[in-house]
Amino acid sequence: MKFTMVYLSDDAAPGDINNFVKPVQDALCACIYADDSMIRDVSAHMRFLNEPNAIRDLPHKLAQAFISGEACVYVAIHDSAELADVIK
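The notes below deal with the structure included here. (Residues numbered from 1 in each chain as written. Predicted model: local features only at pLDDT ≥ 70, side-chain atom pairs only at ≥ 80, totals over all residues. Heavy atoms only, no water.)

Things to note about the pairing of strand β1 (residues 2-9)
Look at any regular strand and the pattern is simple: side chains alternate between the two faces of the sheet.
Stage number 1. Where burial is concerned, most of β1 is hidden: seven out of the eight residues are buried.
Stage number 2. Strand direction decides the pairing type here: β1 and strand β2 (residues 41-48), joined by eight bridges, are parallel. Paired with Thr 4 across the two strands is Ser 43, which belongs to β2.
Stage number 3. Between the parallel pair β1 and β2, the chain is carried across by helix α1 (residues 18-28), and the sense of this crossover is right-handed.
Stage number 4. Pairing of β1 with strand β3 (residues 72-78) involves seven bridges; the strand directions are antiparallel. When the bridges of β3 are listed, Thr 4 appears paired with Ala 76. (Buried < 20%, exposed > 50% of the residue type's maximum accessible area, 1.4 Å probe, protein only. Helix = DSSP H or I, 4+ residues; strand = E, 2+ residues; numbered from the N terminus. Pairing = 2+ DSSP bridges. Right-handed = clockwise from strand over helix to strand, strands pointing away.)

Here's what the structure looks like:
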């Protein structure tokens, strides 16, 4: 599985994005997947709500989060792609 996370922050110094990933993965265990060891690919992003952010071509829920202007975490779970398709 591929785990994608976007943290929309309203904090000027929220910390390192990698420190947010594991707790979110752990929180989804048994709700979304049996165990986070099933995750093979991770993509994590942090964006600040007080900076310009293009919302064109974003998933609807993520675009709506930007529009609302409230700090949140967006997570998407997908099947992993073939490694050759990802590494170029």
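Next comes the rest of the account.
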